[in-house]
Protein chains: 2
Amino acid sequence: MDTQSAASFAELRRILADFPGPDQESATRAAEREGHLTKPTGALARLEEIASWLATWQGRHPAAVNHPRVAVFAGNHGVADLGVSAYPKEVTQQMVLNFQAGGAAINQLCKNADADLRVYEMCLDQPTKDFTQGPALSEEEAARAMAYGMICVEPGIDLLCVGEMGIANTTSASAIAAAMFGGAGADWAGPGTGIKGAQLTRKAEVIDQGLARHRARFNDGLEIMRCLGGHELAAIAGAVMAARIARVPVLLDGFASTAAASVLLKSHPGALDHCLVAHCSAEPGHRRLLTAIGKAPLLDLGMRLGEASGAALAIPIVRAAALCHSGMATFAEAGVSNKE
Amino acid sequence: MDTQSAASFAELRRILADFPGPDQESATRAAEREGHLTKPTGALARLEEIASWLATWQGRHPAAVNHPRVAVFAGNHGVADLGVSAYPKEVTQQMVLNFQAGGAAINQLCKNADADLRVYEMCLDQPTKDFTQGPALSEEEAARAMAYGMICVEPGIDLLCVGEMGIANTTSASAIAAAMFGGAGADWAGPGTGIKGAQLTRKAEVIDQGLARHRARFNDGLEIMRCLGGHELAAIAGAVMAARIARVPVLLDGFASTAAASVLLKSHPGALDHCLVAHCSAEPGHRRLLTAIGKAPLLDLGMRLGEASGAALAIPIVRAAALCHSGMATFAEAGVSNKE
């Protein structure tokens, strides 16, 4: 894929229209093998589903998770100046430096998962525009950010985790979710980094102002991203697209990542079939969003950090599913009596 | 600990009475450090709780998970002959051979978690007695099995996962749970390896017969184990005791493992404070049991395999908690602005 040529909405729409479907042959082979493995039928439950999903979207059987990548995109938001976050937007850059120095949670979680971490810093000195005053991004900026996100899907990767860092981006994500699935600011706004009371009310108002200003555009996912999104959120949507084409299954992280990816559903109802949601964030909008997109999380541990932390934490679960499916003996191989 | 001298109920009761408490100093040090790490307060939620729990029960700060061990105990049950399982009891031995050959789910899950696997085969040619006719074990047999279970806690281990293999042992576990926490056979009996209908009704009746026969003994946990338990279940209770003394935190696996460990609560209400429940089994009694003992599982993926599979799957979660706590930078170290 030539990501340069993808840097227009027209080209992005062509890519979305050409999304490959599930590999039914690999899915069939996974189902066939699963029935012979030395365990009662269905006893590994969600792990069996994951093994099937991996085969279906890697397009091979047996599937494997040998080279997982964690991609964290960082961007800044104009709405951060409206008092919607507990932290100033300088923290975005400071946390990028922390990622680079190995001191953040995501560094430890990648070490834990034996995953490759890449951090993509997206013009942090050029925040998006305040979406209450106009579109957050121009079409060119949004398309370029999506195309930039595609570069994280390099050859050899067999699982992609997407995450973000961006002060005020739960405000942007809440606005995207409301634009996609309905509801007002108060339905989607949550504490984010830890706001409450009057500041939380202010956050909901900011979202409502953005929704009111851009409502005419909400029949189109890319327009929703342009009007209400951010560089890092657009990049996540682009990464999810590139992963589909390259047959790399995706673990979505928390609220912001899931909201970012969800814009693709306007173009293609199956656009996120190659994605699992790794965890359910404590940010209350996430559970609502997961209901809206019909995805059950793998983990539910109350986390609300972003930076791909929930996705990275779930990598060993996904790898375990692949290992069980490919490594277990069949009843016949092991000489174990099967009731069937 | 001299496990030979532990091979009587009197000696086991002395060990239970001397259970060490939490290491408050390590807990305090964990709480102090946690507040300075580069994330919003509480954003890692359950991972923060796990890091504190590890420090509290390893008795050191920072805690670490470098040498996790998975111990699977296998035993056979007299009640297997009453038609309570989908499989014949020969499958216990066959599955032990499968563990030894590396072909079972637990082998793949230990590889995934970089954990050491030990399988303890407990006189498979001498099943327990049918508990509807008399106690499953003599006091000597039960005490010896508990003492045998203690040997899995070898020096250097810093996390212990306990699991089991034993055809018909969900019948035994259901009886133990009913004896400990009340209710009848039908309240605790579930499909186990996959039974239903008349066979499930039969399983509940077998449990009720065992409860009726031994009810006079239910004020004592060790007696409950002796009357209704099994070699592998007694060994799990012993392993959990040895881990407490050696300051090794424990991950309990599914329904059978949790029921086995729960008998210790009769002697000491805090006897399982050094244990987390790794996952909630699809075996319906497990959720009820977790409510009874007041423990929230780490994972809830619909699994119902036993053989320590849920516990081994959760090791990377626990290790991640330790790595985040010890490896993350503080706000001061990373030069990140903190709102506080």
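Scroll up to find the structure this text is about.
Keep in mind the model is a prediction, meaning the values are calculated, not measured. (Residues numbered from 1 in each chain as written. Chains lettered and ligands numbered in written order. Predicted model: local features only at pLDDT ≥ 70, side-chain atom pairs only at ≥ 80, totals over all residues. Heavy atoms only, no water.)

Describing the interface of chain A and chain B
One frequently used descriptor of interface size is the decrease in accessible area upon assembly of the parts.
Phase 1: With 50 residues of chain A in contact, the opposing surface of chain B contributes 50 residues.
Phase 2: Across the chain A to chain B interface the summed buried area is about 4100 Å²; carbon plus sulfur atoms make up 65%.
Phase 3: The interface formed by chain A and chain B includes 0 salt bridges.
Phase 4: If you look at where chain A meets chain B, you find 16 residue pairs in polar contact (both at pLDDT 80 or more).
Phase 5: Where the side of chain A that touches chain B is concerned, the elements lending two or more residues are helix H3 (46–58), helix H4 (90–101), helix H5 (105–113), helix H14 (309–327) and helix H15 (331–334) of chain A.
Phase 6: Ranked by the residues each element gives to the side of chain A that touches chain B, the list is headed by H14(A), at 8 residues. (Contact = heavy atoms within 4.5 Å. Buried area = accessible area lost by both parts, 1.4 Å probe. Salt bridge = Lys/Arg side-chain N within 4 Å of Asp/Glu carboxyl O. Polar contact = N/O pair within 3.5 Å; in protein donor to acceptor, adjacent residues only side chain to side chain. Helix = DSSP H or I, 4+ residues; strand = E, 2+ residues; numbered from the N terminus.)

Side note on the pattern of salt bridges
Residues and elements named next belong to chain A.
Phase 1: Scanning the model with the defined rule gives 32 salt bridges over all chains in all.
Phase 2: Arg-118 is paired through a salt bridge with Glu-154; the nearest N and O atoms lie 3.2 Å apart. Of the two residues, Arg-118 sits in strand S2 (residues 116–121) while Glu-154 sits in the loop between helix H6 (139–150) and strand S3 (159–165), which places them 36 residues apart along the sequence.
Phase 3: Owing to a relative accessible area of 34%, Arg-118 belongs among the partly exposed residues under this scheme.
Phase 4: For Glu-154, a relative accessible area of 33% gives the class partly exposed. (Buried < 20%, exposed > 50% of the residue type's maximum accessible area, 1.4 Å probe, protein only.)

Things to note about the relation of the copies chain A and chain B
Relating the two copies of this chain is a rotation about some axis coupled with a shift parallel to it.
Phase 1: The transform that puts chain A on chain B rotates by 180 degrees and translates by 0.0 Å along the axis, for an RMSD of 0.0 Å. Taken together, the rotation and translation relating the two chain copies correspond to the operation of a two-fold axis.
Phase 2: Take the interface residues of chain A: 100% of them recur as interface residues in chain B, which is what a same-surface contact looks like. (Least-squares fit on C-alpha atoms with pLDDT ≥ 70 in both.)

So, the packing of helix H11 (residues 231–245) of chain A against helix H12 (residues 255–262) of chain A
All names here are of chain A.
Phase 1: Remark: H11 packs on H12, axes separated minimally by 8 Å, with the N-to-C direction vectors making an angle of 65 degrees. Considering the relative orientation of H11 and H12, their crossing is right-handed. Side by side, H11 and H12 meet where Leu-233, Ile-236, Ala-237 and Val-240 of the first sit next to Ala-256, Ser-257, Ala-260 and Ala-261 of the second.
Phase 2: Classifying every residue of the contact of H11 with H12 gives 7 nonpolar, 1 polar and no charged. (Axes fitted to C-alpha atoms, helices over the stretch in contact; angles between N-to-C directions. Left-handed = near helix turned anticlockwise from the far one by under 90°. Nonpolar A, V, L, I, M, F, W, Y, C, P; charged D, E, K, R; others polar.)

Some details on the sheet that holds strand S5 (residues 275–277) of chain B
The pairing of strands in a sheet happens through backbone hydrogen bonds and is either parallel or antiparallel.
Residue and element names in this part refer to chain B.
Phase 1: Read across the sheet, 5 strands follow the order S2-S1-S3-S4-S5 without closing on themselves; strand pairing throughout is parallel. One side of each edge strand has no neighbouring strand; the edge strands of this open sheet are strand S2 (116–121) and S5. Direction aside, neighbouring strands of the sheet carry axes that sit 25 degrees apart on average.
Phase 2: Direction of pairing for strand S3 (residues 159–165) relative to strand S4 (residues 250–252): parallel, over a ladder of 3 bridges. Counted as the bridge partner of Val-162 is Leu-252 from S4. (Pairing = 2+ DSSP bridges.)

Some thoughts on the packing of aromatic side chains
Any two aromatic rings considered together are summarised by their centre-to-centre distance and by the angle between their planes.
Phase 1: If you walk through the whole model with that rule in mind, you get 4 aromatic pairs over all chains.
Phase 2: Ring geometry for Tyr120(A) against Tyr148(A): centres 6.0 Å apart, planes inclined by 90 degrees, an arrangement best described as edge-to-face. One end of the pair, Tyr120(A), is in strand S2; the other, Tyr148(A), is in helix H6, and 28 residues separate them in sequence.
Phase 3: Take Tyr120(A): its relative accessible area is 8%, and that puts it in the buried class.
Phase 4: For Tyr148(A), a relative accessible area of 30% corresponds to the partly exposed category.
Phase 5: Judged by centre distance (4.9 Å) and plane angle (20 degrees), the rings of Phe73(B) and Tyr120(B) are stacked. (Phe/Tyr/Trp six-rings, centres within 6.5 Å; stacked < 30°, edge-to-face > 60°.)

Regarding the sheet that holds strand S4 (residues 250–252) of chain A
Residues and elements named next belong to chain A.
Phase 1: Taking strand neighbours across the sheet as the criterion, the 5 strands line up as S2-S1-S3-S4-S5 in an open arrangement whose pairing is parallel. Pairing within the sheet leaves two strands with one partner each, and these edge strands are S2 and strand S5 (275–277). When strand polarity is set aside, the average angle formed by the axes of neighbouring strands in this sheet is 25 degrees.
Phase 2: With 6 bridges connecting them, strand S1 (residues 68–74) and S2 associate as parallel partners. Within S2, the residue paired with Val-70 across the bridge is Leu-117.

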